[in-house]
Amino acid sequence: MSTPSESGEDAAATARCDGSTTADATGDYLPIADHGVIGDLRTAAVVGVDGRIDWFCCPRFDSPSVFGSLLDARRGGAWTVEPIDGEVTTRQFYLPDSNVLVTRFLSEDGVAEVQDLMPIARPHDPDHRTRIIRRVSCVRGSVEFRVTVAPRFDYGRQAHTVVVEDERRLRFETDDLELHLASTVDVDTVDDRDAQAHFTVETGQCVTFVLAPDPIGSEVLDHDSSPAVVAATVAFWQDWVSRSSYTGRWREMVHRSALTLKLLTHEPSGAVVSAVTAALPEEIGGERNWDYRYVWIRDAAFTLYALLRLGFTDEAGAFMDWLTCRFDDGADEAGDLGPLRLMYTVDGDPPPKETELDHWEGYRQTSPVLVGNAAADQLQLDIYGELIDSVYLYNKYGPGISYGSWTHLCTVAGWLVDNWDRPDQSIWEVRSKPQDYVYSRVMSWVALERMIR
């Protein structure tokens, strides 16, 4: 996933009135590099440089998608914000040291921008509510916009109805989920399933849209449409990244990467997911289109390694608490797959069965589109090396693990002594019979060497 820099120079395109961009060779799909991501440590939304939210799962990272046009431009659903007059050049960047994303539209008539954020006020906020806020403002001149909210629930498999509450509020309803939309301008329904607004912003004017799984009252909309909510969210991210111990010459790149890794943490549980997206292909036209919205022990270990070296020990501590629960869960189940699974949901359960969404065409017509992950049943012995190496670093740079966690690790080491030479799928995760991989042997050695330390 691309993470545009504060300068915005690395995410730009020229957009036509239909909302597509000349940077997109297919006319329907933006390059992956032309996206940013926003999140609230529970879930995340992917935002294209053309102002389109084309991926969003609610209420969690691994929930079914609400907007999924990243994987099917026609049937996936999206939330578009598009100028409707003339040729427009767009640029995308983050407000400095934050995960508040800005998409700027430049045309002959004026300059406007969209601030996208999922507000978060303070760590472990008991009053936190997941929502997406989109603030459309005019910097110079006059710009006419069309905003279309077209959700397609449950990966486009579940129909929904629209209930109009008043001129500026409505809700999308399914059997499993409600999403409430509120705006500071009038909103109309389209085909009884989408919402659309047309408006013009002049210099200094701002229009706000809020989408949330909870009702949005007048006081909530007033709060979310004020600059204060942006300032508070920026302050949250800036306060977090200011604790970094990095002092090298690549500060902007390192901190942008750290902010992205932080977005992958699930604050309520302490888990760390590998990605916010599913089914993006390893190569266009290929078949390896896996779902990575889960906790890979290996990926989480590498994430903790990076955050620990930057001085962020709280995230490592939360993950260690989460991991200790997995040890407890698997204490009596150390069968063929060992005391730890390769991957989990954020709750610590096995991922759902792998399913093909055969009604979706896939990113740039690359199918199959897969959700869930069958690799959960693989043996990958290398994960013990990566994990215990990170535990070692946590002991070195953080407060250290508990006696209970140490006892569990000793059990893991004992199992590894008896099983290190078994054939497995290793880091390569091939979907064929297990083989003898050198990488797994090396990482098994790492696990035992770090335990000795």
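Within each chain, residues carry numbers counting from 1 in the order of the written sequence. Where totals are concerned, whole chains, interfaces and linings use all residues; where local detail is concerned, this predicted model gives features only for residues with pLDDT of at least 70, and gives and counts side-chain atom pairs only at 80 or more. Hydrogen atoms and water are omitted, and side-chain values are computed over all heavy atoms in the structure.

Comments concerning the nonpolar core
Phase 1: Within the largest apolar cluster, 111 residues are counted, with the highest numbers of intra-cluster contacts made by Trp-79, Phe-172, Phe-199 and Phe-209.
Phase 2: Definition used in this section: a nonpolar core is a set of buried Ala, Val, Leu, Ile, Met, Phe, Trp, Tyr and Cys residues joined via side-chain atoms within 4.5 Å. In this scheme, a residue with accessible area under 20% of its type's maximum is buried, one over 50% is exposed, and one in between is partly exposed, where area comes from a 1.4 Å probe on protein chains only. Listed in part, the eleven residues of the second largest apolar core include Ala-182, Ala-212, Val-229 and Val-230.

Focus: the pairing of strand β12 (residues 169-173)
In the case of a regular strand, side chains alternate between the two sheet surfaces.
Phase 1: DSSP bridges decide pairing: two strands pair if at least two such bridges lie between them. Strands are runs of DSSP state E lasting at least two residues, helices are runs of H or I lasting at least four, and both sets are numbered from the N terminus onward. Bridge count between strand β11 (residues 161-166) and β12: five bridges; the pairing is antiparallel. What sits directly across from Thr-161, in β12, is Glu-173.
Phase 2: Across five bridges, β12 lies against strand β13 (residues 178-183) in antiparallel orientation. Paired with Leu-170 across the two strands is Leu-181, which belongs to β13.

A short note on the pattern of salt bridges
Phase 1: Here, a salt bridge means any Lys or Arg side-chain nitrogen found within 4 Å of an Asp or Glu carboxyl oxygen. Per the counting criterion, the structure on display carries 30 salt bridges.
Phase 2: A salt bridge links Arg-42 to Glu-267; the shortest N-O distance between them is 3.2 Å. A residue pair is termed long-range when its members are at least 10 positions apart, and Arg-42 in the loop between β2 (35-39) and β3 (44-48) and Glu-267 in the loop between β17 (265-266) and β18 (271-272) qualify at 225 residues.
Phase 3: For Arg-42, a relative accessible area of 13% corresponds to the buried category.
Phase 4: The buried category is assigned to Glu-267, whose relative accessible area is 13%.
Phase 5: The partner of Asp-382 in a salt bridge is Arg-298, with the nearest N and O atoms 2.8 Å apart. Remark: Arg-298 occurs in helix α5 (residues 297-309) and Asp-382 occurs in the loop between β22 (370-371) and α7 (383-397); sequence separation between them is 84 residues.
Phase 6: For Arg-298, a relative accessible area of 4% corresponds to the buried category.
Phase 7: Through salt bridges with shared partners, a single network forms among Asp-389, Glu-449, Arg-450 and Arg-453.

Comments concerning unusual backbone geometry
Only a minority of non-glycine residues have a phi that is not negative, and only a minority of peptide bonds are not trans.
Phase 1: Here the bond from Cys-58 into Pro-59 is cis, since omega is 10 degrees, no more than 30 degrees from zero.
Phase 2: With respect to the helices and strands, the residue Pro-59 is situated in the loop between β4 (52-57) and β5 (65-67).
Phase 3: Cis geometry marks the peptide bond from Ser-367 to Pro-368; its omega dihedral reads 10 degrees.
Phase 4: Along the chain, the position of Pro-368 falls in the loop between β21 (355-356) and β22.
Phase 5: Backbone geometry at Gln-365 places phi at a positive 60 degrees, although glycine is not the residue there.

Here we look at the pairing of strand β15 (residues 194-202)
Phase 1: Both strand β10 (residues 132-150) and β15 contribute to a ladder of eight bridges, which runs antiparallel. Paired with Ser-142 across the bridge in β15 is Glu-202.
Phase 2: Pairing of strand β14 (residues 188-190) with β15, which is carried by three bridges, proceeds in the antiparallel orientation. Looking at the pairing, Asp-188 lines up with Gln-196 of β15.
Phase 3: The turn joining β14 and β15, which pair antiparallel and follow one another in sequence, is formed by three residues; a positive phi near 55 degrees is taken by Asp-191.

Considerations on a negative patch on the surface
Phase 1: Patch definition: residues with relative accessible area over 30% and no salt bridge; like charges joined within 9 Å; nonpolar side chains (Val, Leu, Ile, Met, Phe, Trp, Tyr) joined within 5 Å. All accessibility values rest on the Shrake-Rupley procedure with a 1.4 Å probe; residue burial counts only the protein chains present in the view. For the charge count, each Lys or Arg is scored as positive and each Asp or Glu as negative, with His and the chain ends excluded. Charge positions are represented by NZ for Lys, CZ for Arg, CG for Asp and CD for Glu. A surface patch of like charges, here negative, comprises Asp-85, Glu-87, Glu-108, Asp-109 and Glu-144.
Phase 2: Locating Asp-109 in the fold gives a position in the loop between β8 (101-106) and β9 (110-117).

Let's talk about helix α9 (residues 438-452)
Phase 1: For α9, with 15 residues, the first-to-last C-alpha span of 21 Å sits near the 21 Å given by 1.5 Å per residue.
Phase 2: Residues of α9 that are buried include every one of Ser-440, Met-443, Ser-444, Val-446, Ala-447, Glu-449, Arg-450 and Met-451, and no others.
Phase 3: The criterion used for residue contact is that any of the two residues' heavy atoms lie within 4.5 Å. Tucked into the core, α9 has its buried residues touching α7 and α8 (403-419). Take the number of residues in a helix, subtract one, and multiply by 1.5 Å to get its expected span.

Looking at the packing of α8 against α9
Phase 1: Axis lines are fitted to C-alpha atoms, over the contacting stretch for helices. Their N-to-C directions set the angle, which ranges from 0 to 180 degrees. At a minimum axis separation of 10 Å, α8 and α9 run at an interaxial angle of 140 degrees. Looking at the two axes, α8 sits oblique to α9. Relative to α9, α8 is oriented so that their crossing is left-handed. Counting all contacts with α8, which are made through Trp-406, Leu-409, Cys-410, Ala-413, Leu-416 and Val-417, the residues of α9 involved are Ser-444, Ala-447, Leu-448 and Met-451.
Phase 2: Charged means Asp, Glu, Lys or Arg here, nonpolar means Ala, Val, Leu, Ile, Met, Phe, Trp, Tyr, Cys or Pro, and polar covers whatever is left, Gly included. In terms of residue class, the contact of α8 with α9 is made up of nine nonpolar, one polar and no charged. To sort the angles, those under 35 degrees are grouped as roughly parallel, those over 145 as roughly antiparallel, those from 65 to 115 as roughly perpendicular, and the leftovers as oblique. Handedness of a crossing is defined here by the sense of rotation of the near helix relative to the far one, left-handed for an anticlockwise turn of less than a right angle and right-handed for a clockwise turn.

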